[in-house]
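One letter stands for each residue in the lines below.
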Amino acid sequence: MSDLDDLYQEILLDHYRRPRNFGALPGADREVDGHNPLCGDRLHIAVRLEGDRLAEIRFEGSGCAISTASASMMTEAVRGLPVAAALSLADRFRALVMGDSPPAAAEELGELAALGGVRAFPMRVKCATLAWHALRSALTGDGARVSTE
Ligand code: ZN
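Before going into details, it helps to say that this report is about the structure given with it. (Residues numbered from 1 in each chain as written. Predicted model: local features only at pLDDT ≥ 70, side-chain atom pairs only at ≥ 80, totals over all residues. Heavy atoms only, no water.)

A closer look at the overall build of the protein chain
Secondary structure summary: the protein chain contains 5 helices and 4 strands in total. Each helix and strand of the protein chain, ordered N terminal to C terminal, gives the series α-β-β-β-α-α-α-α-β. Here the protein chain has a C-alpha radius of gyration of 14 Å; the compact-globule value for 149 residues is 15 Å, and the two agree. When its C-alpha atoms are laid out on the principal axes, the protein chain stretches across 45 × 30 × 25 Å. Within the protein chain, the fraction of its 149 residues that count as buried is 42%. For the protein chain, long-range pairs separated by at least 24 residues make up 60% of all intrachain contacts whose partners lie at least 6 apart in sequence. Roughly 7500 Å² of accessible area belongs to the protein chain as shown, and the carbon and sulfur atoms make up 51% of that amount. Of the side chains in the protein chain, 16 bear a positive and 21 a negative charge, and the two mean positions are spaced by 4 Å. (Helix = DSSP H or I, 4+ residues; strand = E, 2+ residues; numbered from the N terminus. Rg over C-alpha atoms; globule rule 2.2 N^0.38 Å. Buried < 20%, exposed > 50% of the residue type's maximum accessible area, 1.4 Å probe, protein only. Contact = heavy atoms within 4.5 Å. Areas by Shrake-Rupley, 256 points an atom, 1.4 Å probe, with all protein chains shown as cover. Lys, Arg positive; Asp, Glu negative; His and termini not counted. Charge placed at Lys NZ, Arg CZ, Asp CG, Glu CD.)

Structure below.
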C-alpha cells in the first residue's frame with residue numbers, strides 16, 4: 001500500500017462511519033430509490049432545487065462501505081452546484097471509476113478520487129456509481145427508481 005492508498009482508505013472509512021447529509025429531506029422536490037442487486041445496496045436520494053441550482057441533497061438507506069461512502073461523498077461534492085455542473089461531475093466520476101479518465105482528471109475530483117481504486121473491481125464499480133445514477137435520475141427527472149442491473 002502506498003501512502004496515497006492509505007489516505008484514500010481513511011477517507012472512505014470516515015465517510016462510511018460518519019455519512020454526511022444522511023437522513024430525510026423534508027420538502028424535497030425529487031426523490032429516487034437506487035438499488036444494486038449484485039451487492040444488496042439500497043439508497044434513497046432526495047434533492048431540493050432552487051431554480052437550476054441543487055440547493056439541498058440528502059440520502060438514506062443501507063449498503064456496503066463503498067456505496068455508503070460514495071453516496072456521502074457525492075452529496076458533499078454536488079450540494080450547492082448548478083444542476084449542469086452536478087451532471088458534469090457525475091460524468092467525470094463515472095469516467096474515473098470506469099478507468100477511462102486521464103490521470104490528471106482525478107486531481108480535479110478532490111476527495112472523490114479516493115474511489116478511483118474500485119476500477120480494478122467491476123462488482124465494486126456498481127457500488128460506487130449507485131448514488132450517482134440516482135442523482136442523475138433525480139436531476140433529469142428520469143424516474144423514481146434506478147437499478148445498476
Ligand atoms: Zn455495495
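Read on for the rest.
Side note on the coordination of the zinc ion
In the first shell of the zinc ion, the protein supplies Cys39 (SG), Asp41 (OD), Asp41 (OD), Cys64 (SG) and Cys127 (SG), at 2.2 to 2.6 Å from the metal. Mapping the donors of the zinc ion onto the primary sequence gives the spacing C-x1-D-x22-C-x62-C. Of this pair, Cys64 sits in the loop between β3 (53-62) and α2 (65-78) while Cys127 sits in helix α5 (residues 122-140), and the two are 63 residues apart along the sequence. You'll find Cys64 and Cys127 in the same group, each marked buried. (Donors = N, O, S within 2.8 Å, 3.2 Å for Na, K, Ca; no water.)

Observations concerning the sheet that holds strand β1 (residues 30-36)
The 4 strands lie next to each other as β3-β2-β1-β4, forming an open sheet whose pairing is mixed. In the strand order of this sheet, the two ends are held by β3 and β4 (145-147), each with one partner. Along the sheet, successive strands turn relative to each other by an average axial angle of 20 degrees, direction set aside. Contacting β2 (41-50) and β3, α2 crosses the sheet at an angle of about 170 degrees to β3. Of the strands in this sheet, β1, β2, β3 and β4 touch α5, which is tilted by about 155 degrees from β1. (Pairing = 2+ DSSP bridges. Axes fitted to C-alpha atoms, helices over the stretch in contact; angles between N-to-C directions.)

Overview of the pattern of salt bridges
Counted according to the given criterion, the structure contains 8 salt bridges. The partner of Asp14 in a salt bridge is Arg18, and the shortest N-O contact between them spans 2.4 Å. Ionic pairing is found between Arg20 and Asp14, a salt bridge with its closest N-O pair at 2.6 Å. Assessed through its relative accessible area of 23%, Asp14 is described here as partly exposed. One salt-bridge network, held together by shared partners, links Arg48, Glu50, Arg53 and Glu56. (Salt bridge = Lys/Arg side-chain N within 4 Å of Asp/Glu carboxyl O.)

Quick notes on the environment of Leu130
With respect to the element layout, Leu130 can be found in helix α5. With 89 residues separating them along the chain, Leu130 and Asp41 place their C-alpha atoms 8.2 Å apart. Leu130 has contacts with Gly34, His35, Asn36, Asp41, Leu43 and Thr148, leaving out every residue within four places of it along the chain.

Some points on the layout of surface pockets
Taken as a whole, the largest pocket encloses approximately 330 Å³ of empty space. Going through the elements one at a time, α1 (3-17) and α2 are the ones with two or more residues in the lining of the largest pocket. It is α1 that contributes the most residues to the lining of the largest pocket, 6 residues altogether. For the lining of the largest pocket, a count of residues per class yields 12 nonpolar, 2 polar and 2 charged. (1 Å grid on protein atoms, 1.4 Å probe; cavity = no way out; pocket = protein on both sides within 12 Å on 5 of 7 lines; lining within 4 Å. Points joined across faces, edges and corners; volume = space filled by probe spheres on them. Nonpolar A, V, L, I, M, F, W, Y, C, P; charged D, E, K, R; others polar.)

What to know about the nonpolar core
Soluble globular proteins: nonpolar side chains tend toward being buried together. Counting 40 residues, the largest nonpolar core has Val78 and Trp132 as its most contacted members. Counting residues per element, the ones that place at least two in this core are α1, β2, β3, α2, α3 (83-98) and α5. The element contributing the most residues to this core is α5, with 10 residues. (Core = buried A, V, L, I, M, F, W, Y, C linked by side-chain atoms within 4.5 Å.)

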